Amino acid sequence: MNNKISYLLNTGRCMHRCNYVLTSKYSATTSKHVLWIGRYKHPLEKPNFRKLNTFPSLHGSPIRFLSQKTDIFNIGAKIQPEKSTEALVSEQAPQSSLELEKLGDSGSFKVKPVMDHSEPFFNSLRKCTCPCDVLDLASESAVSIKHFTNCLTMVWRLFRNLSEDQQRYEKQLIFEHPAFVKLCQQVLRDSRRMMRADLVFSLHAVVNLGVPQNTLLVQTLVRVCQEKLNQLDNRCLSVLATTLAGMDKDKNVSALQAGLQLLVEQRIPSIRDIFILQNLMKCIGKDAPVFLKKKLEMAVLKEIDHLTYPNALRVFLALVAMNYCSVPILNACSKKIQDNVHDTPFRQLILILEACYSLQYRNVKLFSALADYVNSTACLWDKRQIMLFLSAFETLGFQPRELMDVFAEKVTEDPEFLNLKNLLIVLRVYSRLNYVPRDQKHVFSETLHSCLNKYLPQISDTELLKAVYSLCVLGYVPHRALDELLQKDSRDELQSDDLSKEQKEMMLHCVKACMELDSPSFTKPAFVLTENFSSLVSLTLRKARVALIELLGDENMFRQNVQLPYKYHIDFEIVMDSSRKKVLPITAADDHADSSIHRLAFLFVPLSVFCVGTMHPQGKLAVKKRHLNKLGYHVILVLNKKFQEMTNEGAVEFLKGKIYSEDAFPSSEVTVQDNN
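Residues numbered from 1 in each chain as written. Predicted model: local features only at pLDDT ≥ 70, side-chain atom pairs only at ≥ 80, totals over all residues. Heavy atoms only, no water.

Caption draft 1: Spatial organisation of the overall build of the protein. Looking only at helices and strands, the protein has 28 helices and 11 strands in total. Split into buried and exposed, the 676 residues of the protein put 50% on the buried side. (Helix = DSSP H or I, 4+ residues; strand = E, 2+ residues; numbered from the N terminus. Buried < 20%, exposed > 50% of the residue type's maximum accessible area, 1.4 Å probe, protein only.)

Encoded structure:
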């Protein structure tokens with residue numbers, strides 16, 4: 001009997017408390033911009049909390065700490081120590097109208113609807129259209145932990161869909177809303193009693209809403225996640241990994257990330273969801289051990305057949321975050337992107353190209369597909385957007401010819417959009433990729449030159465040097481800008497802050513060489529060649545020397561490491577008669593007039609000096625080739641890697657074909673095998 005009476009009294013108290021919580025509201029004097037923090041105490045203990053201004057003002061005022069004694073809930077000693085509001089409500093019904101049902105051991109989940117008396121609340125929550133609507137609903141109806149955490153997550157979901165300008169305004173409204181303070185207080189107080197999904201989603205929401213990381217709310221959620229890490233399922237690990245990837249590294253975050261890395265290593269074989277895998281790849285970051293990166297790579301490859309287009313984009317960026325170039329994964333992602341390129345927004349296209357640069361991944365088919373798409377829709381793009389595409393291609397060394405033709409036409413039609421910054425970008429792109437439009441070479445160069453002259457009064461020394469250098473590489477000498485540059489150089493007034501001394505000297509030397517060699521009045525000088533017998537000769541050049549001796553029969557039939565005027569250097573020089581049927585001894589070349597002999601210059605070069613996918617030389621090599629032609633040489637370019645892979649007999653046959661062929665220099669259209 002006593003037990004029944006005690007049970008009845010406890011039930012009455014609980015019902016009274018639930019009714020009070022449902023009807024009571026916070027006082028209108030509740031402080032704004034504050035979050036209650038402090039050591040969690042038993043509800044019967046007298047609260048003694050500190051106030052922390054967690055939300056800096058728009059003027060960037062620093063975080064302030066204040067001390068204040070207050071009763072958070074205004075319900076005094078009537079609070080029952082054994083059961084919180086959330087516990088009472090959860091006794092009568094499930095905590096949410098949606099439950100996650102686990103399917104086997106795969107770690108995947110599906111949403112299972114559950115009908116309970118909280119369904120009207122969640123129906124109202126789904127109808128909210130802005131974060132403040134959610135906060136209003138929370139202040140009126142939220143009574144359980146599940147209600148509070150769902151409200152917090154919904155605030156973030158609605159907030160992230162706003163534009164950048166709307167987010168700035170809405171963020172201020174959120175932080176000033178009294179219900180947001182209540183929401184954060186409740187989450188802080190009940191963090192250790194939350195379900196695992198509520199815990200990680202709450203941390204994800206507050207971090208992304210901009211609650212400072214050094215507040216007790218964020219730090220407490222991080223610590224609780226650390227305590228419950230082993231209880232988190234794969235989906236929760238994915239959300240937690242995404243959250244940690246966007247947080248600064250402090251002691252708690254680093255400890256949680258280290259624990260997460262160990263747990264991920266154990267669970268990788270059981271994860272079958274690429275979305276979860278790419279989130280984990282982002283979280284473990286660049287500092288993860290190589291064996292863990294390889295495990296994640298193998299897990300992704302097992303599910304690569306189920307790769308979707310959105311996942312292909314995310315995996316691309318996840319590999320960048322992990323600083324791991326997995327060619328099989330990148331090839332599969334590239335294929336998906338190529339098939340869906342028309343659905344890719346502008347920003348994603350740029351991110352893809354930047355990712356390829358970061359990973360040193362060169363895929364000609366992918367680059368061509370992106371370039372063709374932008375070219376086919378060029379009328380829909382702003383000129384500055386096309387310029388950004390070309391700049392991204394330039395960093396990769398890829399030459400999208402048709403797109404460069406289209407953009408050059410836009411520049412000549414409307415050069416007014418070229419401010420100084422844009423002008424320097426355009427000059428850099430076209431000069432490095434060694435491309436001038438065929439049909440408008442003179443008009444395009446003149447347009448860029450006139451734009452440069454317009455900015456001469458305000459241009460810095462570094463910008464002037466870069467602009468003149470780029471035009472000279474393209475074979476165009478800007479006389480007015482060149483005169484100003486040389487005058488500053490002669491007076492030692494040329495200052496280049498962001499260029500090293502070596503870069504500055506190289507660019508100046510190239511400009512001066514172009515000024516003389518590309519001049520219409522240039523005549524080939526009678527110069528004396530010098531041969532440099534350096535002991536530091538590459539394996540490729542040693543192999544080429546042996547092959548030439550076997551082919552020509554004598555060391556006197558060629559000259560090695562030849563130094564020319566203007567500081568130009570060639571690896572091997574061979575002299576032939578006018579019909580190119582016979583190789584002449586080097587000593588006999590002086591007895592013949594230049595008109596009766598042919599000079600061949602062999603240059604052994606790496607693949608990186610060509611535009612990706614072709615044998616089209618980039619800017620520096622193109623200038624050297626042009627100037628060697630002016631000096632009377634027929635230039636033959638040989639790829640180091642390709643030559644080194646040849647057998648000795650193959651190397652002899654290769655050089656024989658280059659020497660005695662009618663056109664020693666290969667076509668610029670020869671395709672180099674890509675990653676596919």
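Still more ground to cover, so stick around.
Caption draft 2: Just the side chain of Ser-191, in detail. Looking at where Ser-191 falls in the secondary structure, it is placed in the loop between helix H7 (178-189) and helix H8 (196-209). What makes Ser-191 buried here is its relative accessible area of 1%. A distance of 3.3 Å separates a polar atom in the side chain of Ser-191 from the backbone oxygen of Leu-188. With residues near it in sequence (within four places) discarded, Ser-191 still touches Leu-199, Thr-220, Leu-221, Val-224 and Lys-228. (Polar contact = N/O pair within 3.5 Å; in protein donor to acceptor, adjacent residues only side chain to side chain. Contact = heavy atoms within 4.5 Å.)

Caption draft 3: Representation of the nonpolar core in the model. Ranked by size, the top nonpolar core spans 178 residues in total, and within it Leu-240 and Tyr-430 carry the most contacts. The element contributing the most residues to this core is helix H5 (residues 145-160), with nine residues. In contact with Tyr-430, other than residues within four places in its own chain, are Leu-390, Met-404, Phe-407, Ala-408, Tyr-435, Pro-437, Phe-444 and Leu-474. Counting residues in each nonpolar core, the second largest holds 23 residues, with Met-557, Phe-602, Met-646 and Leu-655 among its members. (Core = buried A, V, L, I, M, F, W, Y, C linked by side-chain atoms within 4.5 Å.)

Caption draft 4: Spotlight on helix H28 (residues 648-660). The terminal C-alpha atoms of H28 lie 19 Å apart, and with 13 residues this matches the ideal 18 Å at 1.5 Å per residue to within 8%. Turning to H28, its buried residues number three or more, namely Ala-651, Val-652, Phe-654, Leu-655, Lys-658 and Ile-659. Viewed end-on, H28 has its buried residues packed into an arc of 165°, placing them on one side of the element. Turned more than 90 degrees off the buried face of H28, the exposed positions are Glu-649 and Glu-653. Where H28 is buried, its residues touch helix H25 (539-552), strand S8 (569-577), strand S9 (583-584), strand S10 (597-605), strand S11 (633-639) and helix H27 (640-644). (Expected span 1.5 Å × (residues − 1). Arc of directions from axis to C-beta.)

Caption draft 5: Focus on the packing of helix H15 (residues 327-339) against helix H17 (residues 364-376). The interhelical angle for the contact between H15 and H17, taken along N-to-C directions, is 20°, at an axis separation of 10 Å. It follows that H15 is roughly parallel to H17 by the angle criterion. Like other packed secondary-structure pairs, H15 and H17 cross with a definite hand, here left-handed. When H15 is examined against H17, the residues Ser-334, Ile-337 and Gln-338 are found in contact with a partner set consisting of Lys-365, Leu-366, Ala-369 and Leu-370. Grouping the amino acids of the contact of H15 with H17 by side-chain chemistry returns four nonpolar, two polar and one charged. (Axes fitted to C-alpha atoms, helices over the stretch in contact; angles between N-to-C directions. Parallel < 35°, antiparallel > 145°, perpendicular 65-115°, else oblique. Left-handed = near helix turned anticlockwise from the far one by under 90°. Nonpolar A, V, L, I, M, F, W, Y, C, P; charged D, E, K, R; others polar.)

Caption draft 6: The arrangement of the environment of Leu-260 in detail. Following the sequence through the fold, Leu-260 ends up in helix H11 (residues 251-267). Considering only alpha carbons, one finds Leu-260 and Cys-225, 35 residues apart in sequence, at a separation of 10.0 Å. Dropping the residues within four chain positions of it, Leu-260 is found in contact with Leu-229, Leu-237, Leu-240, Ala-241, Leu-244 and Cys-283.

Caption draft 7: Inspection of unusual backbone geometry at higher detail. If you check the backbone angles, Asn-434 has positive phi at about 55° while not being a glycine. By the element assignment, Asn-434 lies in the loop between helix H20 (420-432) and helix H21 (441-454). In this structure, Asn-561 takes a positive phi of about 50° despite not being glycine. On the secondary structure map, Asn-561 appears in strand S7 (residues 559-563).

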